[in-house]
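Structural overview for review
The lines below spell out each chain.
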Amino acid sequence: MDTDRLDAALTAALEEVEPDHSGETSDYLDDVAGRQRDGLAAAVCTVDGHQASAGEAEHAFALQSVSKALTYAVVLEEVGLDAVLEHVGVEPSGEAFNHLSLHDDGRPYNPLINAGAIMAHALVPGKDAQTRAGLLLDRYSAMAGARLEVSEGVRAAESARADRNLGLAHLLADPGVLPIEAREAVDGYLTQCSILVTAPQLAVMGATLAAGGVNPLTGERVLQEWVAEQSLSVMLTCGMYDATGQWVAEVGVPAKSGVSGALLGAVPGAVGIATWSPRLDERGNSMRGIGIFERLSERWDLHVLRHRGALAGLRGAD
């Protein structure tokens, strides 16, 4: 692996998108101390442990909806695919992330929209909210190779805006399909969204998925291989909300976005990629994050449906 070329390509992609300050930031940032509206960071971690970063790589930001993909992986690992599929599907909804999109049997369409994510959190094993939150924090930290923590400021800001999520949870609870009490499910979901990471830590989490569940820095098997495969499959088809089809056609990387400006991608067998830039497009995806992914996908041949060997150019090939 040519790490100098890895660093250079990442830095170049970041510099190309840096002048773009279009888009709006999420409302929750209005109430978060030390908020940064124009911050920018990017990082990569290969499945053999090579790392690179550019921009504000030490800045910690909230996972927000990126946590949906990670919690989905945890519940698959903990309770199994059949049990999860009984409660939440795997189909794209084609609608906004906070829309109540349900199958005829009452299941949310997928775990990467809010209704599905609330349901997925309710499946996390534990006798109470604290136990479930602790399990998720432990698993997230194992994926990142570093001890993570919850931002109480972010959680408070999101709790003040939780009416829509509470409405979704009560609609799920009404027919008896939500395994825990609605308020508890939403509080837990907002807690997982408020876990802080840096771009390099998030890239390692992506690399753990890309490596079939093994953290490339610590060597720990965090997830079974089938869990990583299932999680990446849903990320590819559902991870960018109602812009997922366009994302697959143009970037072709399993990914998940969040309203903090976080964007996580993972190319199986190759690399985890993370970006952070808080200004969002109309669908809630990071404007500059998308720009970086577009450039890296093209230059490193990352599209999972057409590449001839991801990262080949960094291994000395033309």
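Look up: the structure comes first, before these words.
Heads up: these notes are all about the structure in this document.

1. A look at helix α7 (residues 163-173)
Listed in full, the buried residues belonging to α7 are Asn165, Leu166, Leu168, Ala169 and Leu172. Along the axis of α7, the buried positions cluster into a sector of 160°, meaning they face one direction only. Along its buried surface, α7 packs onto α4 (114-122) and α8 (182-193).

2. Observations regarding the packing of aromatic side chains
The geometry of an aromatic ring pair is captured by the separation of the ring centres together with the interplanar angle, meaning the angle of the planes. Scanning the entire structure with this criterion turns up two aromatic pairs. Geometrically, the ring pair formed by Phe61 and Trp276 is stacked, given 5.6 Å between the ring centres and 5° between the ring planes. Here Trp276 lies in strand β8 (residues 271-276) and Phe61 lies in strand β3 (residues 61-62), a separation of 215 residues in the sequence. Here Phe61 falls in the buried class, since its relative accessible area comes to 4%. Their ring planes at 55° and their centres at 5.5 Å tell us that Trp247 and Phe293 sit as a pair that is tilted. Pair noted here: Trp247 is in helix α11 (residues 244-250) and Phe293 is in helix α12 (residues 287-299), with a separation of 46 residues, a long-range link. What makes Trp247 buried here is its relative accessible area of 5%. Taking the relative accessible area as the measure of exposure, Phe293 reaches 1% and is therefore buried.

3. Some remarks on the pattern of salt bridges
For the structure on display, the rule yields eleven salt bridges. Note that Glu16 is salt-bridged to Arg299, the shortest N-O span being 2.7 Å. Placement of Glu16 in helix α1 (residues 3-17) and of Arg299 in helix α12 is noted, with a sequence separation of 283 residues between them. Across the salt bridge formed by Glu184 and Arg132, the nearest N and O atoms sit 2.1 Å from each other.

Rules and cut-offs
Residues numbered from 1 in each chain as written. Predicted model: local features only at pLDDT ≥ 70, side-chain atom pairs only at ≥ 80, totals over all residues. Heavy atoms only, no water. Buried < 20%, exposed > 50% of the residue type's maximum accessible area, 1.4 Å probe, protein only. Helix = DSSP H or I, 4+ residues; strand = E, 2+ residues; numbered from the N terminus. Arc of directions from axis to C-beta. Contact = heavy atoms within 4.5 Å. Phe/Tyr/Trp six-rings, centres within 6.5 Å; stacked < 30°, edge-to-face > 60°. Salt bridge = Lys/Arg side-chain N within 4 Å of Asp/Glu carboxyl O.

Read these as geometric descriptors, not functional statements.
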